[in-house]
Amino acid sequence: MTITRAARAAPRWLVGLSLLSVSLVSIPLVYVVWRAVDVPLSQFTTVLMRPRVQELTVNTLGLSLAVALSALVLGVVIAALLSRVRFRAAASLLLISALPLAVPSYLASYGWLVAIPGLNGFVPSWLLLTAVTVPYVTLPVAAALRGTSAEGEAVARTLGLGPLRAFVDVTWPQVRPAAVAGALLVFLYTLSDFGLVAMLRFETLTWGIQQSFAASFDRSQAAILALLLVVIALVVVAAERSARGQVVTSRAKLATREPVGVVTRTLALLIVLAPPLVGVVAPLAGLGARLLEAQTLREIDFSRLGLATGATIAVSALAALVALVIALPLAALAARYSGRGVGSLETLGYLPHALPGIVVGLSLVFFSLAVLPPLYQTTAVLVFAYAVLFMPKALGTARSSIEGVSPDLVNVARTLGARPFSAWARVTLPLALPGLGIGALLVAIATMKELPATLLLRPTGVNTLATELWSRTSAGEFAGAAPYAAILVLVAAIPAMILSGVRRTAKEEL
Amino acid sequence: MTTLGVHNVGLTYGSRTALKDVSLEIPSGSLVAILGPSGCGKTSLLMAIAGLLGIDEGVITAGNRELSRSGKRVPPEQRGIGWVPQEASLFPHLSVRDNIGFGLRKGRRRNERVEELAALVGLGGFLDRSPGQLSGGQAQRVALARALAPSPDVLLLDEPYGALDSVLRHTLARDVARILREEETTAVLVTHDREEALDLADVVVVMDGGRIVQVGTPVEVYESPATPWVASFVGDTVELAGVWRHGTLQCEQCGAADFCEPGDNRPGCSGHVVCALGEVAATAQGYQPVDGEDVRVVVRPEWLAPGSSGIPATVRGVSYAGHDALVEFDMEGQKERVRARIAAPFLPSVGQAFQLTLRHPALVFPLPSGVELA
Amino acid sequence: MSFRARSKTTIVLAGLVLTVSGCVAEAEPAGVSETEPEVSAESEDIAVVAGSDDYVILYSGRAESLVQPIIDVFTEQTGIEVDIRYAGTSELAAQVLEEGEQSPAAVFLSQDAGALGALSDAGLLAELPESITSRVDPEYSSRDNSWVGVTGRARVIAYDSETVALEDLPTDVDDIVSPKWSGKIGVAPANASFQSFVTAYRVIRGESAADQWVSGLVMSDPQKYDKNSAILEAVDAGEVSLGLINHYYWYRMASERGGDQMRAQLYFLPAGDPAAIVNVTGAAILQAQSSDLDASSLVEFLVSDQAQEYFVTTTFEYPLVPGIGAPEGLPELAELAVGDFDLSDLRSIATTQELLRTYGLIF
């Protein structure tokens, strides 16, 4: 009998560190509230009552829920197909399915607009966002499936259940936590996305925020809308925690792959390849078409490209590290201890993820100038902004990877003479490392693609691939933009591919 | 080497009481088996001794040193108490060598000690393997070596042979007991396997529902169980209804002819009981029954022997085990059936008639009074 | 284990790259010291005065590919190093508003007058010296000398040459909202230049007429875009027949694709029409840096003949300094309507926005 989650109280130092993490990440929230309370209550309610605001809220909610749901379903289906159907190039397929992560949403929409210029509205936004975010569900579910035994399903089949039913009744409960956590990330991503919906002219709350800044220079109005986003996020994050279920550590027995007929295999292949085709191939093709159209092909300034690439890689690596460090106490707390306080802390850690980059960026302009002016517009604050923005991406995987380390192992280490911290460092950390690495990679990828906060906070003169891409496209130089877009996707594809690979080794080691 | 003492220890999880008023003395160098069904609290007790769980009531001591008390606890890493958990729990990211050496300080002596222990458990050539490459039995042996490496005063083993097949289990258990004796390590072994407990332990502690039911040597626990439940837990039993008769025989122990009190060292009074097997000698366990009182009679199958005289009985079923057979008998004129253990190569067949006699005083217990005596 | 080793190497490499790129990017300009007065032999517009530190930070809402070359010329001529921060005008304005007095920027180069107005209203802009404001026609600068116009952009109509004949084009702004263009008009209502046009309409033709026009527009079911460039692309793809944009977008696209190849063609409404007004880009000096002489040197340079000619030939925008010729093929600036209103009057813009908001064109 092993006790996985203790009813005993968490040690104070861990709670303290977690509080510190949450406070750091809540800086944008504080800013939003600060600006929102600048307005008198009457104006507050006026803004909220405006029919347009309600329309934007409905749009935002509708789109986010739709994308989260479709990503959930599609992600689980693809992961199931990848693990249970015998494909010839199964490993490569998993790799390819991770690629949409590498494409920034604004790039995806841009590429499609080249192909279908009139593209706009809810449906294209929904479909495109699904294609780009589905790996957030596919990858963890595929990993979870690798850790489950197919024996349960086999037993269910002998009891008369069809394959679909067997999957739903037996295997789904085991992968549910991973799937739901991934869907949560998709929801928050969609909530905060601006680039894609702006280009596809689907008006959401993020669009409203942008308008408040750009047209009216009204930061308080922007803050009120941002608060709306936070409230939505709060409800959903809380709901996810109850839907999550418990992580099951089971002995991994490799699942058998079923041989299927050609028709089924082709269909399965199409489903698996759909997101990469829609989210990667089509946009890049669109950009390529633009490139060909251009009459003046500007020369590629390789040193500039190199600098931007270097800066992008450096800054994402640092951001991944910082995000992980911030996430770690919170993840450790949530993994081993239960209770309402723990739950609230974890929820707070997720909320800032709902805010669009411009809000987080401005909040840190405000904060760094108020607290540490010499650090303003330095790499330090920029990296910190990324960590704040993307920490939730690391939080979920960090938590479940720590949860997955049996407490028995730590207990044994302690009876062998290791003090608590030493036991943690020598046993839990190495075993949780693959999972932590996944979180870090997710943060790195997101950082590479980030634009609005980067524009606000980067040291003057420093450019990332994303900002270079932006400066060229906003000036209409699509030919000049193409190499940066290509390199950006390439560079971001590397961690995406590692992601699909790391999971494999992680499971085998365990 | 000191005596490990558990004094009136209580432990509660939320609403569930895991341990209640548990007291135990574990003499230095002995091997104590804690025997009981699942959920009886044995693992909780072990973890409390190891310091992995705190206790709510009572005290745990090692010699004069206090280890655990409500609200205060010496951390596990400072107790010098080793622990072999139920499922080996080897560190998957470390080699066998590094697993065994985990609790040792770095240095040349570490390597020597690791190799010494690996040889001790018979895995000298496995040092560079990874845990995933070991079989269940090998993993358990590594876990044992790992726990022994820092030379702990006490070693706690939580059902360490649970996952192994019976042959391997038996040999491994004996090997381990031998190693522990050689190392003069005090050991507490938790098991639900009675044969293991009886074979290896110096002291057997029987637990149920978070409480200790009986403590004694294997012989004491087997031959003089405190309750019918203990009796059936540590061995096969045959239960019969009976009526107590006393006074017809001199009490061998106290000399009284008519009536005697149970004494400090006597489980109870000797006398006779009338049951399906006739009027047979019996000892009352832990109490003094009144003449004519209805009692529960417990008899072990090996105490029944087919002979030339006794109760006539007919064979109704045979459970063959190779070295003996558990034979079920119908007795003439009786509703209750009995089982007798009959040694090989004598193998009766169904329908055969025998005469059964009881070669050992029966055990007599009071009737249950609604609440199970624990 | 290999994963750990791999990640360690990556981090070390990342650290190295970061250090290198950081060093390169944040390199202190050479010569942060007192300089002797240095009078450039070139243009009489530039004079570097003693006491400056030869360094200034510019926030530019205009694209790097446009601004960097001319600033490089400035640096070459004056020795003043300029660190430029590029971003969208409104984001930069929001940033400066947030930074307040602590903003490191000395000069703000804006894509539109509205942003400058917002900064001026917040008291963040310094009064520009006479030497700068005198160079530009006061019509195209702020009323209170807080910012100066640098270039001008005319509002025009881009039309789909394949489906629209020249004679069908509207001759008056009111024709745009006639039923025949229903569903085929592209506008960017959130864009400052569009809002300036609506403001101009209000001033020139009156509030009730403006109200009627906007409601007429909404009833025509216009296609709404974020940016002028998106409108132009739409016209060029045949998605809409008419687009209300700024003139230079067409020239820019034409330089990449060839003007004759393009489906979208330009049409200027007659002078005096609100839909043909001129918007400006402008520059300002931040109050906190008002004593920085390098800042005024920079702004002065932007309204120098040299820079103005650069803008004409590079972006096809109108120069605002008299004596510099308009881009080839474009009607002269003087021919276009000028509204008698402050381009940066935010209160007026706010009223326009309220009007657009009422009809649901903006949020």
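Each remark here, short or long, concerns the structure printed above.
Quick summary incoming for the structure in this document. (Residues numbered from 1 in each chain as written. Chains lettered and ligands numbered in written order. Predicted model: local features only at pLDDT ≥ 70, side-chain atom pairs only at ≥ 80, totals over all residues. Heavy atoms only, no water.)

## Comments concerning the overall build of chain C
Okay, so step 1: When helices and strands are tallied, chain C shows twelve helices and ten strands.
Okay, so step 2: Counting all 363 residues of chain C, 58% fall into the buried class.
Okay, so step 3: Residue pairs in contact within chain C that sit at least 24 positions apart in sequence constitute 74% of those at least 6 positions apart.
Okay, so step 4: Accessible area of chain C: about 14,100 Å², with a carbon and sulfur share of 52%. (Helix = DSSP H or I, 4+ residues; strand = E, 2+ residues; numbered from the N terminus. Buried < 20%, exposed > 50% of the residue type's maximum accessible area, 1.4 Å probe, protein only. Contact = heavy atoms within 4.5 Å. Areas by Shrake-Rupley, 256 points an atom, 1.4 Å probe, with all protein chains shown as cover.)

## Overview of the interface of chain A and chain B
Okay, so step 1: The interface of chain A with chain B comprises 20 residues on the first partner and 26 residues on the second.
Okay, so step 2: Roughly 2,100 Å² of surface becomes buried between chain A and chain B when both sides are summed, with 65% attributable to carbon and sulfur atoms.
Okay, so step 3: The salt bridge partner of Glu77 of chain B is Arg414 of chain A, with a shortest N-O separation of 2.9 Å.
Okay, so step 4: Between the two partners, chain A and chain B, sit three residue pairs in polar contact (both at pLDDT 80 or more).
Okay, so step 5: Taken together, the elements giving at least two residues each to the side of chain A that touches chain B come down to α19 (407-415) and α20 (420-449) of chain A.
Okay, so step 6: Considering each element in turn, the side of chain A that touches chain B owes the most residues, seven residues, to α19 of chain A. (Buried area = accessible area lost by both parts, 1.4 Å probe. Salt bridge = Lys/Arg side-chain N within 4 Å of Asp/Glu carboxyl O. Polar contact = N/O pair within 3.5 Å; in protein donor to acceptor, adjacent residues only side chain to side chain.)

## Let's talk about the packing of helix α16 (residues 340-350) of chain A against helix α18 (residues 379-403) of chain A
Residues and elements named next belong to chain A.
Okay, so step 1: α18 packs onto α16 with a crossing angle of 140° between their chain directions and a minimal axis gap of 8 Å. One finds that α16 runs oblique with respect to α18. Contact residues: α16 offers Glu346, Gly349 and Tyr350, while α18 offers Met391, Pro392, Leu395, Gly396 and Arg399.
Okay, so step 2: Across the contact of α16 with α18, the residue classes break down as four nonpolar, two polar and two charged. (Axes fitted to C-alpha atoms, helices over the stretch in contact; angles between N-to-C directions. Parallel < 35°, antiparallel > 145°, perpendicular 65-115°, else oblique. Nonpolar A, V, L, I, M, F, W, Y, C, P; charged D, E, K, R; others polar.)

## Quick notes on helix α1 (residues 42-50) of chain B
All names here are of chain B.
Okay, so step 1: Across the nine residues of α1, nine count as buried, placing the element largely inside the fold.
Okay, so step 2: Those residues of α1 not exposed but buried are Lys42, Thr43, Ser44, Leu45, Leu46, Met47, Ala48, Ile49 and Ala50.
Okay, so step 3: Looking at the residues trailing α1, positive phi occurs at Gly51, about 90°.

## With respect to the packing of aromatic side chains
Okay, so step 1: Counting across every chain of the model gives 16 aromatic pairs over all chains.
Okay, so step 2: Ring geometry for Phe329 of chain B versus Phe354 of chain B: centroids 5.8 Å apart, planes at 90°, classification edge-to-face. With a gap of 25 residues between them, Phe329 of chain B in strand β18 (residues 324-331) and Phe354 of chain B in strand β20 (residues 353-358) connect regions that are remote in the sequence.
Okay, so step 3: Between the aromatic rings of Trp250 of chain C and Tyr251 of chain C, the centroid separation amounts to 5.3 Å while the plane-to-plane angle is 80°, which identifies the pairing as edge-to-face.
Okay, so step 4: Under the relative-accessibility criterion, Trp250 of chain C is labelled buried at 11%.
Okay, so step 5: One aromatic cluster is present, built from ring pairs that chain together Phe194, Phe197, Tyr201 and Trp213 of chain C.
Okay, so step 6: Looking at Arg35 of chain A, its charged tip hangs above the ring of Phe366 of chain A, at a distance of 5.5 Å from the centre. (Phe/Tyr/Trp six-rings, centres within 6.5 Å; stacked < 30°, edge-to-face > 60°. Lys NZ or Arg CZ within 6 Å of the ring centre and 35° of its normal.)

## Digging into a nonpolar patch on the surface
Okay, so step 1: The grouping of Phe367, Val371, Leu372 and Leu375 of chain A at the surface amounts to a nonpolar patch, some 310 Å² of accessible area in total.
Okay, so step 2: Relative to the elements of secondary structure, Leu372 of chain A occurs in the loop between α17 (357-371) and α18. (Patch = residues over 30% accessible without salt bridge, like charges linked within 9 Å, V, L, I, M, F, W, Y side chains within 5 Å.)

## A look at the interface of chain A and chain C
Okay, so step 1: Contact residues are listed per partner, giving 72 residues for chain A and 56 residues for chain C.
Okay, so step 2: Between chain A and chain C the total buried area reaches about 5,100 Å² when both faces are included, carbon and sulfur atoms providing 56% of it.
Okay, so step 3: Measuring nitrogen to oxygen at the nearest pair gives 3.9 Å for the salt bridge that ties Glu203 of chain A to Lys224 of chain C.
Okay, so step 4: For the pair chain A and chain C, the number of links is 16 residue pairs in polar contact (both at pLDDT 80 or more).
Okay, so step 5: By residue number, the principal contributor to the side of chain A that touches chain C is helix α15 (residues 302-336) of chain A, which donates eight residues.
Okay, so step 6: For the side of chain A that touches chain C, the class distribution of residues is 38 nonpolar, 20 polar and 14 charged.

## Describing the sheet that holds strand β11 (residues 211-216) of chain B
Residues and elements named next belong to chain B.
Okay, so step 1: Strand order in the open sheet made by the six strands is β7-β8-β9-β3-β10-β11, with mixed pairing throughout. Two strands bound the open sheet, and with one partner strand each, they are β7 (81-84) and β11. For this sheet, the mean angle separating the axes of adjacent strands, direction not counted, is 20°.
Okay, so step 2: For strand β8 (residues 154-158) and strand β9 (residues 186-191), the ladder comprises five bridges, and the chain directions are parallel. Across the sheet, Leu157 pairs through a bridge with Leu189, a residue of β9.
Okay, so step 3: In the packing of α1 onto the sheet, contacts are made with β3 (31-35), β7, β8, β9 and β10 (203-208), and the angle to β8 comes to roughly 150°.
Okay, so step 4: Here helix α4 (residues 136-148) sits on the sheet and contacts β7 and β8; the angle it forms with β7, its principal contact strand, is near 170°. (Pairing = 2+ DSSP bridges.)

## Concerning the pattern of salt bridges
Okay, so step 1: In the structure shown here, the tally under the stated rule is 45 salt bridges over all chains.
Okay, so step 2: Put simply, Arg113 of chain B and Glu116 of chain B hold a salt bridge, and the shortest N to O gap is 3.0 Å. Here Arg113 of chain B pairs with Glu116 of chain B, and both are found in helix α3 (residues 108-120), just three residues apart, close to one helical turn.
Okay, so step 3: Note that Arg62 of chain C is salt-bridged to Glu317 of chain C, the shortest N-O span being 2.7 Å. Here Arg62 of chain C is found in the loop between β1 (55-60) and α2 (64-78), whereas its partner Glu317 of chain C is found in the loop between α11 (305-315) and β10 (318-319), with 255 residues between them in sequence.

## A closer look at the pairing of strand β5 (residues 65-69) of chain B
Residues and elements named next belong to chain B.
Okay, so step 1: Pairing analysis gives four bridges linking strand β4 (residues 57-62) to β5, with the strands arranged antiparallel. Across the sheet, residue Val59 finds its bridge partner in β5, namely Arg69.
Okay, so step 2: The loop that links β4 with its antiparallel partner β5 comprises two residues; one of these, Gly63, has a positive phi angle of about 65°.
Okay, so step 3: Relative to strand β6 (residues 72-73), β5 is paired through two bridges, and the arrangement is antiparallel. What sits directly across from Ser68, in β6, is Arg73.
Okay, so step 4: Taking the residues that link successive antiparallel strands as the turn, the β5-β6 hairpin has two residues, and the phi of Gly71 there is positive, at about 85°.

## Brief notes about the pairing of β1 of chain C
Side chains on a regular strand alternate between the two faces of the sheet.
All names here are of chain C.
Okay, so step 1: A large share of β1 lies buried, amounting to five of its six residues.
Okay, so step 2: Relative to strand β2 (residues 81-86), β1 is paired through six bridges, and the arrangement is parallel. What sits directly across from Ile57, in β2, is Asp83.
Okay, so step 3: Between the parallel pair β1 and β2, the chain is carried across by α2, and the sense of this crossover is right-handed. (Right-handed = clockwise from strand over helix to strand, strands pointing away.)

## What to know about the environment of Pro228 of chain B
All names here are of chain B.
Okay, so step 1: Within the secondary structure, Pro228 is located in helix α8 (residues 228-234).
Okay, so step 2: Relative accessible area serves as the criterion here: at 10%, Pro228 is assigned to the buried category.
Okay, so step 3: Spatially, the C-alpha atom of Pro228 lies 8.4 Å from that of Arg296, the residues being 68 residues apart in sequence.
Okay, so step 4: Residue contacts for Pro228: discarding those within four places in its chain leaves Glu239, Arg296, Val298 and Phe365.

## Focus: the sheet that holds strand β2 (residues 16-26) of chain B
Okay, so step 1: Taken in spatial order, the five strands make up an open sheet running β2-β1-β4-β5-β6 (chain B), and their pairing is antiparallel. A strand with exactly one partner marks an edge of an open sheet, and here the two such strands are β2 and β6 of chain B.

## Focus: the packing of helix α3 (residues 41-49) of chain A against helix α4 (residues 51-84) of chain A
Relative orientation and spacing of two packed helices are given, respectively, by the angle between their axes and the distance between those axes.
Residue and element names in this part refer to chain A.
Okay, so step 1: As a packed pair, α3 and α4 sit with axes 5 Å apart at the nearest point and diverge in direction by 60°. Taken together, the axes of α3 and α4 lie oblique to each other. Contacts between α3 and α4 pair Val47, Leu48 and Met49 from the former with Pro51, Val53 and Gln54 from the latter.
Okay, so step 2: Considered class by class, the residues forming the contact of α3 with α4 number five nonpolar, one polar and no charged.

## Points about helix α1 (residues 12-25) of chain A
Three or four residues apart is the spacing at which side chains of an α-helix point the same way, because the helix has 3.6 residues per turn.
Okay, so step 1: Between its first and last C-alpha atoms α1 of chain A spans 20 Å; for 14 residues at 1.5 Å apiece the expected length is 20 Å, and the two agree.
Okay, so step 2: Contacts made by the buried residues of α1 of chain A are with α2 (27-36), α15, α16 and α18 of chain A. (Expected span 1.5 Å × (residues − 1).)

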